[in-house]
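Summary of structural features
Here are the chains, one letter per residue:
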Amino acid sequence: MEIATARFNIYTPRDLNDALKYLDKHGDKAIPLAGGTDVLVLARTDIIRPELFLDLWPLRKELSYVRREDGYVWIGALTTIDELYNSFLSKDKRYLGFYDMYWRFATPYLRTIATVGGNIGTGHPLSDLAILLLTLDAEVKLSSISGDRWVKLENLYLGKRKLDRRSNELITEVRFKETTENSSTALLKLDRRRGHAMGYIVTAAYMALDGDTISNIRIAFDSTGKPYPGRSYRTEEFLRGKRFSEEVIRESYRVLESEMRRISDYRAPAEYRIDLSKVLMKRCLYLIKSRIMG
Amino acid sequence: MSQKEYPDIPIKLTVNGKEHVVVVKPYERLIDVLRYKLGYTSVKEGCGRGECGACLVIMDGKLVPSCLVLAIRANGSNITTLEGIAPEGKLHAIQKALIDAHAVQCGYCFPGFIIAIKYLLDKNPEPSEEDIKNMLEGNICRCGSYPMFLEAVKLAIKYVREGKIYFDIKEVKG
Amino acid sequence: MSKPDYVHIVEEVFERFKDKPLVYVGKKSVRWDAIAKVTGKALFTADYLKFYRNVVWVYSVRTKYAHAWIKKIDAGAAAKVPGVLRVITGYDIPGVNDVGYVIPDQPLLATKKVRYIGDTVALIVAEDPYIAREAADKVYVEYEPLPVYTDPLEIVDLMTLKEKPHTRIHEERDSDIVAHFKIRTGDVEKALKEADVVVENKYRTPMQEHAYMEPEAALAIPEHDGGITVIASTQCPFDARRAIARVLGLPQNMVRVIAPFMGGGFGGKEDVANEIGSKAALAAYFTGRPAIAIHTREESIIGHSKRHPMVAWYRHAAKRDGTLLAVEANVILDTGGYASLGPFVAWRATVHSTGPYRVRNARIDTIAVYTNTVYSGAFRGFGNPQIHFAVERQMDILAEELGMDPVELRLKNILRPGDRTVHGQLLTEEHGVGLEGVIKKAVELSNWYEKRRKYASQSGTIRKGIGIALGWHGNSIGVEGADYSSATIIINRDGSITYRTGLTDMGQGSLWGLVLIAAEILGVPPSYFRIELPDTASTPDSGPTVASRSTVMGGNATLVAAYKLRKRLNEVASKLLGCSPDDIVIEAPRVYCRSDPEKEVTWNDIVEQAFWLGVPLQEFGYYRAPKAEWDEETGQGAPYITYTFGAIISEVSVDLETGQVKVDRAVTAYDIGRVINPVGAEFHAIGGYIQGMGYALMEEIVHDKNGYVLTNNLSTYYVPIIKDSPEIIPVFVEALYKQGPLGAKGLGEPSIVAIAPSIVNAVSHATRIQFTEIPLTPHRVYLELKKRGIIRI
């Protein structure tokens, strides 16, 4: 196995428009570079051999923001995970999932340079932010010189590290509809050590309670059978409308098991991943309930 | 192999208050510029992948892993390395505390830890033990000085609270 | 035959200081390099690069296969790449193409065969590391792949220890079993028949990676006369010099090796410097320019020795009252592609294989075998952590069978002064046998009995447990080789002191302990000393920095030098002050007569006077350990000069729903004889615990079936982080070792030996499951709990 960084060139655009023009011409060769925390590591281990990068850092002037408008939350793709945390999101009871995600995301010093667009753009199953955004039914804006299009995050993934992104497109924005007051979110992961870990699995959830009844629920995992993050729709359907209780959640385990396929690898066997998915899902839901109750 | 052209790009950066102009290639990393071109060898490489915390510097007020920052991104930036957290001949409270807590073993992880601790205390002068552990979660110390680091940070907080930010090295040398 | 003078000196000093209150030794003090390290001024090998211009970069082209014949190496295209100065293969080596530490089985650059994924087939020497890396792709090697073996049980059978049919990995030897050590004592068959209880189990321990924060590096500078200077991260500068000189075909005095501060070693930098140092040296030799080789973390993981994985079968026989009757074991250590220090590791494992207990009947067989995994060698503990895992688990399982408390069972069988070890070695007060003392201390500080009672009945999904493990660890190298050390103390004319040693600092700070010893004997504050780090051109050969020997061996050598200097200084002072030499008190800067304190001069006075009188104020101290004895057939003799003893009690919480284990608290009690440097001792106790905890709960190097390392970076190879660190309470019991400096023993390795079993014993207590394999990762714990119906989520 041969390892080391290869040499490459970089194009530094003036602004978003310039970047999109460049990508239109060179998108087949140029790899967009945001924080670099994923793609520079891939380059180092020869998983990719980049010859050319498109430097996205100058786009921070335009694309780093967290706003609320028209009933939506809008997040610029070049917002860092740190900036995301420092916004109103992690103080809003409904969006405490962002608080959970922040404190579990990689390491403190990667959160200052890792970006929202970058995390989604990796297409990797263990993308904590993407998993959380799935529970918020988020949409992703892809921009090119011909214009913008919105894609639901759950439809963005096509395969292992493969997104529905044309080579002349950039992820520029993420949005999700603001949720109701009686709801909250949570994200949990577990690994061999108590931090600085990818997680055997990662799970996130959004739940709205009407008294004791689960009026709405969305649950996402790093994988439900595909090599990218996904939702457990049948489990959600089973739980939707039912009374929140330990019994009901445990009953949902068999539904989860029916719609989840896990791999066995040197890190853990499938059986463990499935059982851990159940346990962390339960813990997420209890965490959300306690947040809703105040 | 085709002869590829990699341009020479001049960048200007301020390190510990001193201005430098260096010529870099597009693929060069900030860590190599700091260590070999500018001589700030306190910045250490432990993994090259942003997983160990040994290469941490403060860049424009942000804690960053210099092994994953491309040199061209540091153009126009203000960088603090361990060499710059105290004036010559003096020790910062954090450094004094580490000595007092007997935390020094091989010392390779120290620059990364000290920069992270400085970053923490600059933002929050009275962190809880949980805050400290959260901040240092990504700094690996294989010699196992973790309990001593905790004790040292608590001592440093105390020194700073008492107004003792810098100590004379001569005082410390037994 | 009379004893050598250095033995007399050590004994005399021991007697004189036995009950005397000490001034520097045993006190907490700031180590000499603390300021350099907190300011970032301390230089590690790769840092020296900033001082050199015109440097060439060395990149290792490694094999694509973990086991294959090499049919052809064609480096022509690589050599033509612009910026490449030279491509070096095994055929270019001027001297001997071998860097094996114990046996010559390891080519530096493979030409005929590759045996593990890190084997190097060519070196690219280029103007910068990027060009070197790209040119590596242009080295064309034709391989004939062979079957890849990643499990030692594919090579030998556990119960017969006989080799299985397989494609030989080391075809130049007559077997892939590289070492075999035994103990045969008493009558095991008879003991088994008389036993009331017999417990037998299989155990597995993983390959552990040192993961020191500083990856290996070597910087080679060609000298004006054809010699080479190599700055390298090495624990054994003199061994590295020997290896590099051999590769270059130069006499040893033409090679200079400098060992600067190391960012951790833990045994991992014992033999790798032979390799990386030789690579840099070759590049410098051929280009006439300074040459640097720096390992990336991935290269470090696949390119240096590891901790031997172990597969073992153990059988313990005991009487109803807990008396151990016999121990039998088959132990297989997987040494990977090359032997490295494997034979020595297998020997040490064998010596300690029955634990620190009185065992009169034993049949032990330990073998080290080759496989196609990353080769294993020295790692803190050196075979001892592996077998202690098995032995201390056995003791707990035996206690369970007998219905005895684990502490009680151990107290019934431990070695006490006057007992003989399983090798027949008589241990006396002179060895310092503090095992009972450390057990009692640990039990007291951890509230053992109360917690055992309390945790016996729990409900809920978090279960707590408390477990104990004992350890013993022979000091220094036993029969591995000639065991000597040396030190030089030079008192300069202005009274400042230069201390020279060939022992290296990898963070453990033991050199400071050596200075404290010299300070105590000379009567001067440690601040008068300046330590010069190892440099084969000027510091003496103190033997390798291994085997927990620095304090004992380096300490005795230092003590001898200090003693001789002190004697001469006393003479000089007595003439100045007019009282007898025995009456001289040195409390620098004061020097006075004990019987008449009015008669006083200064330290500078006596130093200056010595110069005028021509009394030499430099001294070379030498100490050689008593010869170890070991019978190859029976394992009887006196394998080590003395043993360090330890008792570790760990408290854990187990989350039944996820299998995650957290260590809440630990008490580590050690008998290291006289504690010379309490700060250093605490480093070891605490740091060793954390590293041992990693071994128990999360660390494992994993190979796939093709011999590729899957865990080749620090996010897939998990070492403990600050959040995993429990409360650790180190405590020391001093059972003085008469032949040690002021009674001291070593702690470098003992501090990791019994950690893993103490944690697993605690987890077994919490879960009622007898685990026999580490690391105890969450999924392993959970799936066992689930299988036995202890948890249903």
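Residues numbered from 1 in each chain as written. Chains lettered and ligands numbered in written order. Predicted model: local features only at pLDDT ≥ 70, side-chain atom pairs only at ≥ 80, totals over all residues.

**Things to note about the overall build of chain C**
Rules: Note on conventions: DSSP H or I runs of at least 4 residues are helices, E runs of at least 2 residues are strands, and numbering of each starts at the N terminus. Radius of gyration here uses only the C-alpha atoms, and the compact-globule reference equals 2.2 Å multiplied by the residue count raised to the power 0.38. Put simply, a residue is buried when 20 or more other C-beta atoms lie within 10 Å of its own C-beta and exposed when 12 or fewer do; between those, it is partly exposed, and each C-beta is set from the backbone. Once C-beta atoms have been placed from the backbone, residue pairs whose C-beta atoms lie within 7 Å are recorded as contacts.
Looking only at helices and strands, chain C has 20 helices and 28 strands in total. A compact globule built from 793 residues should have a C-alpha radius of gyration of about 28 Å, and chain C, at 27 Å, falls within 12% of that. A principal-axis box enclosing the C-alpha atoms of chain C has dimensions of 85 × 75 × 50 Å. Residue burial in chain C is summarised as follows: out of 793 residues, 63% are buried. Within chain C, contacts between residues separated by at least 24 positions form 79% of all contacts whose residues are at least 6 apart in sequence.

**A look at the overall build of chain A**
A count of helices and strands for chain A gives twelve helices and 14 strands. Expected size for 294 residues packed as a compact globule is a radius of gyration near 19 Å; at 19 Å, chain A falls within 12% of this value. Considered along the principal axes of its C-alpha atoms, chain A spans approximately 60 × 50 × 30 Å. A separation threshold of at least 6 residues defines the contact pool for chain A, and within that pool the share at least 24 residues apart is 63%.

**Thoughts on the domain arrangement of chain C**
All names here are of chain C. Put simply, the test is: Throughout the structure description, domain borders are defined by an automatic or database domain assignment. In the scheme used here, Gly and all other residues not listed as nonpolar or charged are polar, with Ala, Val, Leu, Ile, Met, Phe, Trp, Tyr, Cys and Pro taken as nonpolar and Asp, Glu, Lys and Arg as charged.
If you check the domain split of chain C, you get domain 1 (5-30 + 484-624), domain 2 (45-146 + 216-294) and domain 3 (310-478 + 630-787). If you average the C-alpha positions of domain 1 and of domain 2, the two centres end up 40 Å apart. Each partner contributes residues to the interface: domain 1 has 14 residues there, and domain 2 has 19 residues. When grouped by side-chain class, the residues that make up the side of domain 1 that touches domain 2 number six nonpolar, five polar and three charged.

**Let's talk about the packing of helix 11 (residues 246-259) of chain A against helix 12 (residues 270-293) of chain A**
Residues and elements named next belong to chain A. To keep things clear, this is the line we draw: All axes are obtained by fitting lines to C-alpha atoms, using only the stretch in contact for helices, and the reported angles, taken between N-to-C directions, cover 0 to 180 degrees. Orientation labels follow simple angle bins: below 35 degrees gives roughly parallel, above 145 gives roughly antiparallel, 65 to 115 gives roughly perpendicular, and whatever is left gives oblique. By definition, any crossing whose near helix is turned counterclockwise from its far helix by less than a right angle is left-handed, and any crossing with a clockwise turn is right-handed.
Helix 12 packs onto helix 11 with a crossing angle of 140 degrees between their chain directions and a minimal axis gap of 10 Å. By the angle between their directions, the pair helix 11 and helix 12 is classed as oblique. Judged by the twist between their axes, the crossing of helix 11 over helix 12 is right-handed. Contact with helix 11, carried on its side by Ile 249, Tyr 253, Leu 256 and Glu 257, involves Ile 274, Ser 277, Lys 278, Met 281, Lys 282 and Leu 285 of helix 12 and no other residues of that element. Per-class residue counts for the contact of helix 11 with helix 12 are six nonpolar, one polar and three charged.

**Focus: the packing of helix 1 (residues 5-17) of chain C against helix 15 (residues 550-577) of chain C**
Residue and element names in this part refer to chain C. At a minimum axis distance of 10 Å, the contact between helix 1 and helix 15 shows a crossing angle of 85 degrees. The angle between helix 1 and helix 15 places the two elements in the roughly perpendicular class. Contact residues: helix 1 offers Tyr 6, Ile 9, Val 10 and Val 13, while helix 15 offers Asn 556, Leu 559, Val 560 and Tyr 563. The residue inventory of the contact of helix 1 with helix 15, partitioned by class, reads seven nonpolar, one polar and no charged.

**A closer look at helix 6 (residues 237-248) of chain C**
All names here are of chain C. Our working rule: Any helix carries an expected span of 1.5 Å times its number of residues minus one.
For helix 6, which comprises twelve residues, the first-to-last C-alpha distance of 16 Å matches the rise-based estimate of 16 Å (1.5 Å per residue) to within 8%. Listed in full, the buried residues belonging to helix 6 are Pro 237, Phe 238, Asp 239, Ala 240, Arg 241, Ala 243, Ile 244, Ala 245, Arg 246, Val 247 and Leu 248. Residues of helix 6 that are buried sit in contact with strand 10 (228-232), strand 11 (255-258) and helix 7 (272-287). Just downstream of helix 6, Gly 249 is the residue with a positive phi angle, here 70 degrees.

**Quick look at the nonpolar core**
Condition: Only buried Ala, Val, Leu, Ile, Met, Phe, Trp, Tyr and Cys residues enter a nonpolar core, and they are joined through C-beta atoms within 7 Å.
By size, the foremost hydrophobic cluster in this structure holds 434 residues, and its most contacted members are Ile 124 and Ala 280 of chain C. Here Ile 124 of chain C is in contact with Tyr 59, Val 61, Ala 78, Val 84, Val 87, Ala 132, Ala 135 and Ala 136 of chain C, once residues within four sequence places are set aside.

**Observations concerning the interface of chain B and chain C**
In this assembly, 44 residues from chain B lie in contact with 47 residues from chain C. When residues of the side of chain B that touches chain C are traced back to their parent elements, those giving at least two are helix 1 (30-37), helix 2 (93-100), helix 3 (110-123), helix 5 (146-161) and helix 6 (169-172) of chain B. Of the residues in the side of chain B that touches chain C, the class split is 24 nonpolar, twelve polar and eight charged.

**A word on the interface of chain B and chain A**
Listed per partner, the contact involves 20 residues of chain B and 20 residues of chain A. Among the secondary structure elements, those contributing two or more residues to the side of chain B that touches chain A are strand 4 (62-65) and helix 4 (129-135) of chain B. In terms of residues, the side of chain B that touches chain A owes the most to one element, strand 4 of chain B, which gives four residues.

**Considerations on the domain arrangement of chain A**
All names here are of chain A. Considered domain by domain, chain A is made up of domain 1 (9-58), domain 2 (60-177) and domain 3 (183-293). With 18 residues of domain 1 at the interface, the matching set in domain 2 holds 20 residues. At six residues, the largest contribution of residues to the side of domain 1 that touches domain 2 is made by helix 1 (residues 16-26). Here the residues of the side of domain 1 that touches domain 2 are counted per class, giving nine nonpolar, four polar and five charged.

**A look at the sheet that holds strand 15 (residues 361-370) of chain C**
Residue and element names in this part refer to chain C. To keep it simple, the criterion reads: Any two strands with at least two DSSP-identified bridges between them are counted as paired.
Read across the sheet, five strands follow the order 7-15-14-13-8 without closing on themselves; strand pairing throughout is mixed. Only two strands of the sheet have a single neighbouring strand rather than two, namely strand 7 (177-185) and strand 8 (197-205). Neighbour-to-neighbour, the strand axes of this sheet turn through a mean angle of 5 degrees, independent of strand direction. Bridging between strand 8 and strand 13 (residues 310-318) involves nine bridges; their strand directions are antiparallel. Paired with Asn 201 across the strands is Tyr 314, a residue of strand 13. Lying over the sheet, helix 10 (residues 384-402) contacts strand 8, strand 13 and strand 14 (324-336), oriented at roughly 145 degrees with respect to strand 8.

**Overview of the environment of Leu 415 of chain C**
All names here are of chain C. Among the secondary structure elements, Leu 415 is positioned in the loop between helix 11 (406-413) and helix 12 (435-446). When the 24 C-beta atoms within 10 Å are taken as the criterion, Leu 415 is described as buried. Leu 415 sits 180 residues away from Gln 235 along the chain, and the two C-alpha atoms are 33 Å apart. In this view, Leu 415 contacts Pro 356, Tyr 357, Arg 358, Thr 421, Leu 427, Val 433 and Leu 435; residues no more than four positions away in its chain are not counted.

**Examining the sheet that holds strand 21 (residues 590-593) of chain C**
Residues and elements named next belong to chain C. The three strands lie next to each other as 20-21-22, forming an open sheet whose pairing is antiparallel. Each end of this open sheet is capped by a strand with a single partner; those strands are strand 20 (584-587) and strand 22 (600-602). Averaged over neighbouring strand pairs, the angle between their axes works out to 20 degrees when direction is ignored.

**Digging into helix 11 of chain A**
All names here are of chain A. With 14 residues, helix 11 extends 20 Å from end C-alpha to end C-alpha; this agrees with the ideal 20 Å at 1.5 Å per step. Residues Ile 249, Ser 252 and Leu 256 constitute the buried set of helix 11. Taken together, the buried residues of helix 11 touch helix 10 (233-239) and helix 12.

**Points about the pairing of strand 13 of chain C**
Residue and element names in this part refer to chain C. With seven of nine residues buried, strand 13 is to be regarded as a mostly interior element. The pairing of strand 13 with strand 14 spans nine bridges and is antiparallel. What sits directly across from Met 310, in strand 14, is Leu 333. What sits between strand 13 and strand 14 in their antiparallel hairpin is a turn of five residues, with Gly 322 showing a positive phi close to 100 degrees.

**Topic: the confidence of the model for chain C**
In regions of low pLDDT, the predicted coordinates are not meant to be interpreted in detail. Heads up, the rule is: For every residue, the predictor reports its confidence as pLDDT, a number between 0 and 100.
Averaged over every residue, the pLDDT of chain C is 96; the share at 70 or more is 100%. Interface confidence in the predicted complex, given as ipTM, is 0.97; pTM for the same model is 0.97.

**Thoughts on the pairing of strand 21 of chain C**
All names here are of chain C. Of the pairings in the sheet, the one linking strand 20 to strand 21 comprises four bridges and is antiparallel in character. What sits directly across from Glu 587, in strand 21, is Arg 590. Between the end of strand 20 and the start of strand 21, which pair antiparallel, lie two residues. Bridge count between strand 21 and strand 22: three bridges; the pairing is antiparallel. In the sheet register, Val 591 faces strand 22, and the bridge partner there is Val 601. What sits between the antiparallel neighbours strand 21 and strand 22 is a turn of six residues.

**Structural notes on unusual backbone geometry**
All names here are of chain C. Going from Ala 588 to Pro 589, the amide bond is cis rather than trans, its omega being 10 degrees. Mapped onto the fold, Pro 589 is located in the loop between strand 20 and strand 21. Residue Pro 775 follows Ile 774 across a cis peptide bond; omega there is 5 degrees. Inspection of the secondary structure puts Pro 775 in the loop between helix 19 (755-767) and helix 20 (778-787).

**Overview of the environment of Val 174 of chain A**
All names here are of chain A. Within the secondary structure layout, Val 174 lies in strand 10 (residues 170-177). Separated by 21 residues in sequence, Val 174 and Leu 153 place their C-alpha atoms 8.8 Å apart. Excluding anything up to four places from it in sequence, Val 174 contacts Ile 75, Ala 77, Val 116, Leu 133, Ala 138 and Val 140.

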